[in-house]
Each structure stands twice: as structure tokens, then as C-alpha cells.
Amino acid sequence: MAMKNFDFKYICTSIGNLAGMPIRLYRNGKQIFYYSVIKLPKDPLNAYTDDVLKIDARVSYYVTNHFNYYGIVNAGAHKIVIGPTRQTENSEQELKELAFRAGVEPNDTEMFVAAMKMIIRMPLESIMQMMCMINYILNGEKTNLEDIILYEPDDAKFKELIANEQSAATPKFTEDNENVHNTLELENTIMSFVSQGQTEKFKEWVKDIMPTVNGGKLAREQLRHLKNTMIVTATLAARAAIRGGMDTDDALTLSDEYIQKCELMVDPMMITNMQYRMIAGYCERVEKIRQGSNPSKLVIAVTNYVQHHLSEPITTEQIAEHLFMGRTRLSANFKSESGMALSEFIQRQKLDEGKRLLRFTDKSAAAIAAYLGYSSSAHFTTVFKKYFGCTPTEYREKLS
């Protein structure tokens, strides 16, 4: 059957009904059709459209920073994109951040979060099998999971980093190093960076140490060896992050997602890249949670709560209720153990998130203020300038 005779909209509608998730059809880079059995106020793909449209492989998939994934098939001038889905449920905060990035109006955020929870969850392998079937129908090409190309926007940067700074190296498999293993000291050093949330120290250490690191031989075949190393590292990093104060469910879910993603990779460089970014990511998460070099259990518990509710107005009463404490006792103990008033701490956590969003998104200061639960853009600007000495707009201009 000639390509022009395909009823692409019928195919998309049928697949959307079967999969239970949104599906889109593009022609020459322009969206011409959208269908979803779940009614969403805005398409979640809005946050990643530019990246997805760049993908030109026949069959591919795109994974977001929160491990939501999209399946992609290109057929001539047409592109079909289905998703998002993931095997485990997103947290409330992750979905609220997605709503913000996708341009959902603040008043529609709760509706968006509720709708996203209704999307069918499935393993990445399942959605990619679906993409292989679509590819066969449209392109007459038989493919399997090993043929699918993962799009990782950071990989080009990582390869350049390796070439220029030699910040990482893929282990070589020769008879000379078959019995070489990382020492316990090396392993403890890496996990110490994670448990202490020492992101910058880890990145500096990587530049010097990684060319000499050999993971030991965990399998005779190179790709399997790298995957096994990644699995072990993910497991250790999750445990180290938990020791550092990260919520147990968050840490273990993140580990599972990295391992699932790793199992579908076929490029050794991408696995090495992801392992580096995974450790750095755990370091960053723990760094946000730990206040000072030796935070108390109370400070860690409060920080975890705040990090899970950054897009909401947070009150002392809410935290006290969550921790089964009295409001007065919570405020007094927190200040005694952290040296900072709880209200000021909440404010600072929100402002730090505001700085991150100003740096890594193109959302306006007004949109960021609304997302972070400020009463107005003017209030956000006033508080931001008080703490950082410049307005949000001036801060973004300095970065650019």
C-alpha cells in the first residue's frame, strides 16, 4: 500500500484507544492531529516538543527528566508520538512541575494532575513493541527492541566532555585487566559524595579519577558488563542517598527507573553517560535535603516535606500535622536545630527552586511565582530581590 493511502488519523485514534494515552500526528514538523481518551487541559508534550521533533530515527523513544517516556515513529513526512507513560506513578510534585512546564494555567493544575494519573502505565518495553508494530505497518520495516534508538540530548555534550577533558572512560576488556576490581575505598568515596550531597566535589573528582577507574569484569560481553555495573551503582547510590536523608520511596523508585532505562540501551557511551548523571543527580537531591554537614532528623524530615510540596503554599501547621507535632514545638525545635526560622527556611527553599526554574526554563517570572504558590508576581519579585539582591528578570539576564 502506498504511503499516501494510509489513514493516519484512523491509525492514531485506534492506537490511542488501545494504549489509553495521548497520541499526536505531525506532518513536516507541524501538528495536524491530537487524540486522547483522557481529557487534559494541555498536552504534556508541550514541555518537550522541540526535542521530540528533532528525532528523525524510524523508531525511537524520548525519556524526560522524571522518566516519563514517549514512543516515536517517523514515516516519510509524518511523525507519530504517543505518551507520556511510565511504569510507576509520578509524584504529585513531579506532575505539578510538568503542568507548569507544559503551560497549564494554575487554576487547571489539579485537573491536569488528576488526568495524568488516569493515563495507563506500562513498561517502556511494551510501548516500544507498539512502536515497532506501527513502524512495520507504515514503513514495512521489521524492527525489535535492539534496533530502537534512544534520544538523549545530553549525550553530545558528554561525548565532547570526554574528548576535551577525558572525564570518563569505557573499560577496556583485555586479559591484563580481567581480574582488576575497584577497591572498596573507591566505592566508599563515590557513595560518600552521594550520602553527603557533595555535588561539586563529585564533579571535580570525576575529572581526575574517572580515566583510571575500571569497574571490574562483571560479564564477558562489554555491553552486559556496563549494564551490570550500572545496576550495581544504582543500587548503591540509592542506599547512600537514603542514608543522606532522601525519602526511601523516592530513592528506590529513582533507582528502578534508571535500571529499566539502562536495560534498553545499546550504546556503551550512553550507559557511561547515564551512570555519571545518575550519581550527580543523587548528589544534587541529597544536597537539597541536607542543611549543614550534620542535619538532624527533624531538619531532614521538614526538608523532604517542603521538597514534595514546593508548588503549594506551605504552612507551619501543615508540616506539624504531617510530622505529628505541635506547631509551637515544631517551630522552636526547628530553629534550635537548624539556626533558621521555619518560615524563612520554606521561603529560601522556594526561592532556590525559583532560581533553578529561571535558569533552566523559559517561563516568565509571573508564571514561576504562580507555580511556587506566591500570592502575586510582585510579591515573588520583592522577596527574590531581598534575598539575592536582584529581581528575577535581572537574574536571568545575568545568566544569559
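Residues numbered from 1 in each chain as written. Predicted model: local features only at pLDDT ≥ 70, side-chain atom pairs only at ≥ 80, totals over all residues. Heavy atoms only, no water.

Colleague: Explain the pairing of strand 2 (residues 30-35) here, please?
Modeller: In this sheet, strand 2 lies alongside strand 1 (residues 23-27) in antiparallel orientation, the contact comprising 5 bridges. Within the sheet, the bridge partner assigned to Tyr26 lies in strand 2 and is Gln31. Between strand 1 and strand 2, which follow one another and run antiparallel, lie 2 residues, and Asn28 among them has a positive phi close to 55°. (Pairing = 2+ DSSP bridges. Helix = DSSP H or I, 4+ residues; strand = E, 2+ residues; numbered from the N terminus.)

Colleague: I tried to follow the packing of helix 7 (residues 184-196) against helix 9 (residues 222-243) on my own but got confused; where do I start?
Modeller: When two helices pack together, their arrangement is captured by the angle between the axes and the distance separating the axes. Running from amino to carboxyl end, helix 7 crosses helix 9 at an angle of 45°, the nearest separation of the two axes being 8 Å. In terms of axis orientation, helix 7 runs oblique to helix 9. Like other packed secondary-structure pairs, helix 7 and helix 9 cross with a definite hand, here right-handed. Taking contact as the criterion, the partners of Glu187, Met191, Val194 and Ser195 in helix 7 are, on helix 9, Leu236, Ala237, Ala240, Ala241 and Arg243. The residue makeup of the contact of helix 7 with helix 9, split by class, is 6 nonpolar, 1 polar and 2 charged. (Axes fitted to C-alpha atoms, helices over the stretch in contact; angles between N-to-C directions. Parallel < 35°, antiparallel > 145°, perpendicular 65-115°, else oblique. Left-handed = near helix turned anticlockwise from the far one by under 90°. Contact = heavy atoms within 4.5 Å. Nonpolar A, V, L, I, M, F, W, Y, C, P; charged D, E, K, R; others polar.)

Colleague: I keep staring at the packing of aromatic side chains and nothing clicks. Help me out?
Modeller: The description of an aromatic ring pair uses the distance of the two centres, along with the angle that the planes make with each other. Tallied over the full model, the rule gives 13 aromatic pairs. With a centroid separation of 5.2 Å and an interplanar angle of 55°, the aromatic rings of Tyr374 and Phe380 are classed as tilted. The same class applies to Tyr374 as to Phe380, namely buried. Through a chain of ring-to-ring contacts, three or more aromatic side chains come together here, namely Tyr374, Phe380, Phe384, Phe388 and Tyr395. Over the aromatic face of Phe388 sits the side chain of Lys355, whose NZ or CZ is 4.4 Å from the ring centroid. (Phe/Tyr/Trp six-rings, centres within 6.5 Å; stacked < 30°, edge-to-face > 60°. Buried < 20%, exposed > 50% of the residue type's maximum accessible area, 1.4 Å probe, protein only. Lys NZ or Arg CZ within 6 Å of the ring centre and 35° of its normal.)

Colleague: Would you mind showing me how to read the side chain of Asn273 here?
Modeller: Following the sequence through the fold, Asn273 ends up in helix 11 (residues 268-289). Given a relative accessible area of 1%, Asn273 falls into the buried group. A distance of 2.8 Å separates a polar atom in the side chain of Asn273 from a polar atom in the side chain of Arg277. (Polar contact = N/O pair within 3.5 Å; in protein donor to acceptor, adjacent residues only side chain to side chain.)

Colleague: Is there a simple way to explain helix 9 in this structure?
Modeller: Note that an α-helix has 3.6 residues per turn; residues three or four places apart therefore point the same way. Relative to the 32 Å expected for 22 residues at 1.5 Å per residue, helix 9 spans 32 Å between its end C-alpha atoms, a close match to the ideal helical length. Every buried residue of helix 9 is accounted for by Leu223, His225, Leu226, Lys227, Thr229, Met230, Thr233, Ala234, Ala237, Ala238, Ala240 and Ala241. Buried residues in helix 9 make contact with helix 7, helix 10 (248-263) and helix 11. (Expected span 1.5 Å × (residues − 1).)

Colleague: Before we go on, may I ask you to explain the pairing of strand 5 (residues 78-85) in this structure?
Modeller: Both faces of the sheet carry side chains from a regular strand, because those side chains alternate between them. Among the 8 residues of strand 5, 8 are classified as buried, and the element is accordingly described as predominantly covered. Note that strand 4 (residues 69-75) and strand 5 share 6 bridges and pair antiparallel. What sits directly across from Val73, in strand 5, is Ile80. Hairpin connection between strand 4 and strand 5: a loop of 2 residues separates the two successive antiparallel strands, and Gly76 in this loop has a positive phi of roughly 65°.

Colleague: Honestly, the pattern of salt bridges in this entry has me stumped. Any pointers?
Modeller: Side chains that differ in sign of charge can pair as their charged atoms come close. If you walk through the whole model with that rule in mind, you get 15 salt bridges. Taking the shortest distance from any N to any O, the salt bridge between Glu141 and Arg58 comes out at 3.5 Å. In this pair, Glu141 is assigned in the loop between helix 5 (124-139) and strand 6 (149-151) and Arg58 in the loop between helix 2 (49-53) and strand 3 (59-63), connecting sequence segments 83 residues apart. Among the residues examined, Glu141 registers a relative accessible area of 29% and is labelled partly exposed. Judged by relative accessible area, which is 41%, Arg58 ranks as partly exposed. (Salt bridge = Lys/Arg side-chain N within 4 Å of Asp/Glu carboxyl O.)

Colleague: I would appreciate a short explanation of the confidence of the model for the protein in the present structure.
Modeller: Close inspection of predicted coordinates is inappropriate for parts of the model with low pLDDT. For the protein, the mean per-residue pLDDT works out to 85, and 86% of the residues sit at or above 70. Confidence over residues 165-180 falls short of pLDDT 50; this stretch has 35 contacts with residues more than four positions distant or in other chains. Overall, residues 210-215 carries pLDDT values under 50, and its contacts beyond four positions in sequence, including any with other chains, amount to 17 contacts. (pLDDT = per-residue confidence, 0-100.)

Colleague: Explain the environment of Ser375 here, please?
Modeller: Positionally, Ser375 belongs in the loop between helix 16 (365-371) and helix 17 (377-388). C-alpha of Ser375 to C-alpha of Pro313: the two residues are 62 residues apart in sequence and 9.0 Å apart in space.

Colleague: What is the right way to read the environment of Phe100 from this model?
Modeller: The residue Phe100 is located in helix 3 (residues 92-101) in this model. A relative accessible area of 7% places Phe100 in the buried class. Distance in space between the C-alpha atoms of Phe100 and Lys363 is 8.6 Å, their sequence separation being 263 residues.

Colleague: Help me understand the side chain of Lys363, please; the structure alone is not making it clear to me.
Modeller: Mapped onto the elements of the fold, Lys363 is located in the loop between helix 15 (342-360) and helix 16. As a buried residue without a salt bridge, Lys363 has its nearest oppositely charged side chain in Asp362, at a separation of 5.1 Å. If near-sequence neighbours (up to four positions away) are discounted, Lys363 is found in contact with Phe100, Arg101, Ala102, Gly103, Ile368 and Arg396. (Lys, Arg positive; Asp, Glu negative; His and termini not counted.)

Colleague: So what exactly am I meant to see when it comes to helix 3 here?
Modeller: For helix 3, a buried count of 9 out of 10 residues is recorded, marking the element as mostly surrounded by other parts of the structure. Among the residues making up helix 3, those that are buried are Gln93, Glu94, Leu95, Lys96, Glu97, Leu98, Ala99, Phe100 and Arg101. For helix 3, the elements touching its buried residues are helix 4 (109-116), helix 12 (297-308), helix 15 and helix 16. Directly after helix 3, the chain includes Gly103, whose backbone phi takes a positive value near 85°.

Colleague: Is there a simple way to explain the nonpolar core in this structure?
Modeller: Soluble globular proteins tend to pack their nonpolar side chains together in the buried interior. Grouped together as the largest cluster of nonpolar side chains are 86 residues, with contacts concentrated most on Ile82, Met128, Leu138 and Tyr282. In terms of residue count, helix 11 provides more of this core than any other element does, 10 residues in total. Core analysis: the second largest hydrophobic core is formed by 16 residues, Phe100, Leu351, Leu358 and Val383 among them. (Core = buried A, V, L, I, M, F, W, Y, C linked by side-chain atoms within 4.5 Å.)

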